[in-house]
Amino acid sequence: MPTQMAYELYQAAASDKFLYIVPGAEHAYSYVTDKEEYRRQVTRFLARYLDHTLS
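Each chain has its residues counted from 1, following the order in which its sequence is written. Owing to the predicted nature of the model, reporting of local features is limited to residues with pLDDT of at least 70; listing and counting of side-chain atom pairs is limited to 80 or more, with chain, interface and lining totals taken over all residues. No hydrogens and no water enter the side-chain calculation; it runs on all heavy atoms of the structure.

Okay, the packing of aromatic side chains next. Only centres within 6.5 Å qualify two rings of Phe, Tyr or Trp (six-membered ring in Trp) as a pair; their planes then separate them into stacked at under 30 degrees, edge-to-face at over 60, and tilted for everything else. With the rule as written, the count across this model stands at three aromatic pairs. Residues Phe 18 and Phe 45 carry aromatic rings whose centres are separated by 6.3 Å and whose planes lie at 50° to one another, so their mutual orientation is tilted. Here Phe 45 lies in helix 3 (residues 35-49) and Phe 18 lies in the loop between helix 1 (3-12) and helix 2 (30-33), a separation of 27 residues in the sequence. Judged by its relative accessible area of 23%, Phe 18 is partly exposed. By relative accessible area, which is 33% here, Phe 45 ends up partly exposed. Consider the rings of Phe 45 and Tyr 49, whose centres lie 5.0 Å apart with planes at 45°: the pair is tilted. Here the residue Phe 45 and the residue Tyr 49 both occupy positions in helix 3, the gap between them amounting to four residues, near one helical turn. Ring-pair connections join several aromatic residues into one group, and the members of that group are Phe 18, Phe 45 and Tyr 49. The way it works is that DSSP assigns letters per residue, a run of H or I at least four long becomes a helix, a run of E at least two long becomes a strand, and they are numbered from the N terminus. Burial here depends on accessible area, computed with a 1.4 Å probe over protein chains only, as a share of the maximum for the residue type. Under 20% is buried, over 50% is exposed, and the range in between is partly exposed.

Structure below.
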């Protein structure tokens, strides 16, 4: 998916959202490109949007 489409989908979504673009990563290669930062971002997302549902 071209990065521009990610921005368009993000703008179109009406709900709470989080956009993380990995510079230089091809489609579906965010994890492979920067594993440490990818893990940080996923953890941040889960803490923000799921933490309240786990209590």
